[in-house]
Amino acid sequence: MGMADAIGILMQGAVQAGKVPGVAVALGGREEEGFAAGYGLRRLGAPEPMAADSVAWIASMTKAVTATAAMRLVEQGRLSLDAPASDVATDLAKVQVLEGFAEDGTPRTRPPRRPVTLRHLLTHTSGFAYDMWSPAIGRFRKVTGTPSVTTCRNAALALPLLFDPGEAWTYGIGIDWAGKMVEAASGERLGAHLERTLFAPLGMADTAFRLSDEMRARLASVHSRAPDGALAPTDFEVVQAPEFEMGGGGLYSTVRDYLRFARMLLNGGRFGRDRFLKAETLAEMARDQIAPLSVTPMVSAAPAATNDVDFFPGLPCGWSLTHLVNRATTPQGRSKGSLAWAGLANTYCWIDFGRGTAGVFVSQIMPFFDAEAVALFRGFEARANGLA
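Because the structure is a prediction, the values reported are computed rather than measured.

## Describing the overall build of the chain
When helices and strands are counted, the chain shows 10 helices and 16 strands. Scaling as 2.2 N^0.38, a compact globule of 388 residues should have a C-alpha radius of gyration of about 21 Å, and the chain matches this with 20 Å. Across the 388 residues in the chain, those meeting the buried criterion constitute 57%. Carbon and sulfur atoms provide 53% of the accessible area of the chain, an area that totals close to 15,000 Å². Averaged over its 38 positive side-chain charges, the chain has a centre that lies 2 Å from the centre of its 39 negative ones.

In structure tokens, the structure reads:
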């Protein structure tokens, strides 16, 4: 039995057992297109099948795309990794560090000891956090009336830092600010810039912040999983007329499209005959940037949005300019120094430089880090690596 068959049997079995509504996967190499396939349904209760060209919300898998656009501008000398980010995104000059709350609930803040840089933003060492993993930011939002980042309102980005830039790792809205820097440096709206510089040349016709009619006709629904495991379709949709396009989580895409982006990174910045980044730029992008810091488990402060998150319990991980980096070989056979990340509706990808493979897994289930979806993603990678 071939690898694609083994992957298909795993996915089809999970769909038939009702563990997930629908899944799409894609697997390729540096020069090999590989394969892409879908299993199950786009929406429970509706007949349309999940397919390789089904459109899904990829959420935080947007981050690597925004970071890649930023690094192209760094390469061109239009952005700097280590200059104050407020030189470009001027609102960052106002950012403060949250020290706690007064008795009446007023936030206590102070100026940061050093300026936020693009490198801090890309590596999640800026101090910016998401409220779904930070009770302090949740409390700050509540007492100040700051909107959620998913509203795509500029006011949502006016959050304080949890610590001085560079002093710790915490996952947050830094890439939304990096998207603002891309806009300032390019003079273009983020989506238009990504379309012109990455999506069109890579042939990613189904990737955008805004759903075209063509994309909407193939859209998979986000499903919610109740505590008892039951799945139900929702009508969740990213804001389609946003004040700012969410560089940290707003894109829709397909496994087929996203694999093209992942293969470009896998191949050192080249896709086919087109070079998107210099090899040395890509090497810096892929390097673990945060040692001696490590990526820490993300404890949920919003159970409807996310479960607790720990990709590789007991296995140390760092962060590159674009992705999670595993510092040792994983149980699924992923080579040390590979890249990976995920999206809130249980989408996942990896880029394994050692094996020369990239894989993309898309389900549409909330909350994040769904046990069934994670097990399927791990099974997909293990079979891709011949370990299952």
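## Some points on the packing of helix 2 (residues 62-75) against helix 5 (residues 174-186)
At a minimum axis distance of 9 Å, the contact between helix 2 and helix 5 shows a crossing angle of 40°. Classified by the angle their axes make, helix 2 and helix 5 are oblique. Note on packing geometry: the crossing formed by helix 2 with helix 5 is left-handed. Residues Lys63, Thr66, Ala69, Ala70 and Leu73 of helix 2 touch helix 5, and the partners they reach there are Ile175, Ala178, Gly179, Val182 and Ala185. Of the residues assigned to the contact of helix 2 with helix 5, the class counts are seven nonpolar, two polar and one charged.

## Topic: the sheet that holds strand 6 (residues 223-225)
Taken together, three strands build an open sheet; the order of strands is 7-6-16 and the sheet is mixed. The sheet terminates laterally at strand 7 (231-233) and strand 16 (365-366), the two strands that pair on one side only. When strand 6 meets strand 7, the two strands line up antiparallel, connected through three bridges. Note on strand 7: the bridge partner recorded for His223 is Pro233.

## Observations regarding the pattern of salt bridges
The full count for this structure, using the stated rule, is 20 salt bridges. With its nearest N and O atoms 3.5 Å apart, the salt bridge here joins Glu245 to Arg189. Linking Glu245 in the loop between strand 7 and strand 8 (252-253) with Arg189 in the loop between helix 5 and helix 6 (190-202), this pair joins segments that are 56 residues apart in sequence. Using a relative accessible area of 33% as the deciding quantity, one classes Arg189 as partly exposed.

## Remarks on the sheet that holds strand 15 (residues 357-362)
The strand order across the open sheet formed by seven strands is 2-1-15-14-13-12-11, and the pairing between neighbours is antiparallel. The open sheet has two edge strands, strand 2 (35-40) and strand 11 (317-319), and neither has a second partner. When strand polarity is set aside, the average angle formed by the axes of neighbouring strands in this sheet is 20°. Both strand 12 (residues 324-326) and strand 13 (residues 339-343) contribute to a ladder of two bridges, which runs antiparallel. By the bridge assignment, Leu324 is partnered in strand 13 with Ala340. Together, strand 1 (22-29), strand 2, strand 14 (347-352) and strand 15 form the strand contacts of helix 8 (residues 255-266), whose direction differs from that of strand 1 by roughly 30°.

## Thoughts on the side chain of Arg110
Relative to the helices and strands, Arg110 is located in strand 5 (residues 107-110). Those residues in contact with Arg110 that sit more than four places away from it in its chain are Gln96, Val97, Glu99 and Asp164.

## Comments concerning the packing of aromatic side chains
As enumerated under the stated definition, the model contains 22 aromatic pairs in all. Centroid distance Tyr348 to Phe368: 5.9 Å. Interplanar angle 20°. Geometry classified as stacked. On the criterion of sequence distance, the pair formed by Tyr348 in strand 14 and Phe368 in the loop between strand 16 and helix 10 (371-384) is long-range, its members being 20 residues apart. Ring centres of Tyr348 and Phe377 lie 5.1 Å apart, and the angle between their planes is 25°; on these two criteria the pair is classed as stacked. Placement of the pair is Tyr348 in strand 14 and Phe377 in helix 10, with a sequence separation of 29 residues.

## A short note on the pairing of strand 15
In terms of burial, strand 15 is largely enclosed, as six of its six residues are buried. Bridge analysis of strand 1 against strand 15 gives six bridges, and the strand direction is antiparallel. Its bridge partner lying in strand 15, Val25 is registered against Phe361. Bridge analysis of strand 14 against strand 15 gives six bridges, and the strand direction is antiparallel. Residue pairing across strands places Thr347 opposite Val362, the latter belonging to strand 15. Between strand 14 and strand 15, which pair antiparallel one after the other, the connecting turn spans four residues, and Gly356 there sits at a positive phi close to 70°.

## Let's talk about the pairing of strand 14
Buried residues dominate strand 14, accounting for six of its six residues. Residues Thr347, Cys349 and Ile351 line one face of strand 14 and the alternating positions Tyr348, Trp350 and Asp352 line the opposite face, and both faces are buried. The hairpin turn running from strand 13 into strand 14, its antiparallel successor, is three residues long, and Asn346 in that turn takes a positive phi close to 65°.

## Overview of the environment of Gly386
Within the secondary structure, Gly386 is located in the segment after helix 10. For the pair Gly386 and Leu198, spaced 188 residues apart in sequence, the C-alpha separation works out to 32 Å.

## Regarding the nonpolar core
Phe311 and Phe361 are the most contacted members of the largest nonpolar core, which totals 129 residues. Discounting chain neighbours no more than four positions away, the residues touching Phe361 are Met11, Val23, Ala24, Val25, Asn346, Thr347, Tyr348, Ala373, Leu376, Phe377 and Phe380.

How each quantity is defined
Residues numbered from 1 in each chain as written. Predicted model: local features only at pLDDT ≥ 70, side-chain atom pairs only at ≥ 80, totals over all residues. Heavy atoms only, no water. Helix = DSSP H or I, 4+ residues; strand = E, 2+ residues; numbered from the N terminus. Rg over C-alpha atoms; globule rule 2.2 N^0.38 Å. Buried < 20%, exposed > 50% of the residue type's maximum accessible area, 1.4 Å probe, protein only. Areas by Shrake-Rupley, 256 points an atom, 1.4 Å probe, with all protein chains shown as cover. Lys, Arg positive; Asp, Glu negative; His and termini not counted. Charge placed at Lys NZ, Arg CZ, Asp CG, Glu CD. Axes fitted to C-alpha atoms, helices over the stretch in contact; angles between N-to-C directions. Parallel < 35°, antiparallel > 145°, perpendicular 65-115°, else oblique. Left-handed = near helix turned anticlockwise from the far one by under 90°. Contact = heavy atoms within 4.5 Å. Nonpolar A, V, L, I, M, F, W, Y, C, P; charged D, E, K, R; others polar. Pairing = 2+ DSSP bridges. Salt bridge = Lys/Arg side-chain N within 4 Å of Asp/Glu carboxyl O. Phe/Tyr/Trp six-rings, centres within 6.5 Å; stacked < 30°, edge-to-face > 60°. Core = buried A, V, L, I, M, F, W, Y, C linked by side-chain atoms within 4.5 Å.

That's the geometry; what it means functionally is another story.
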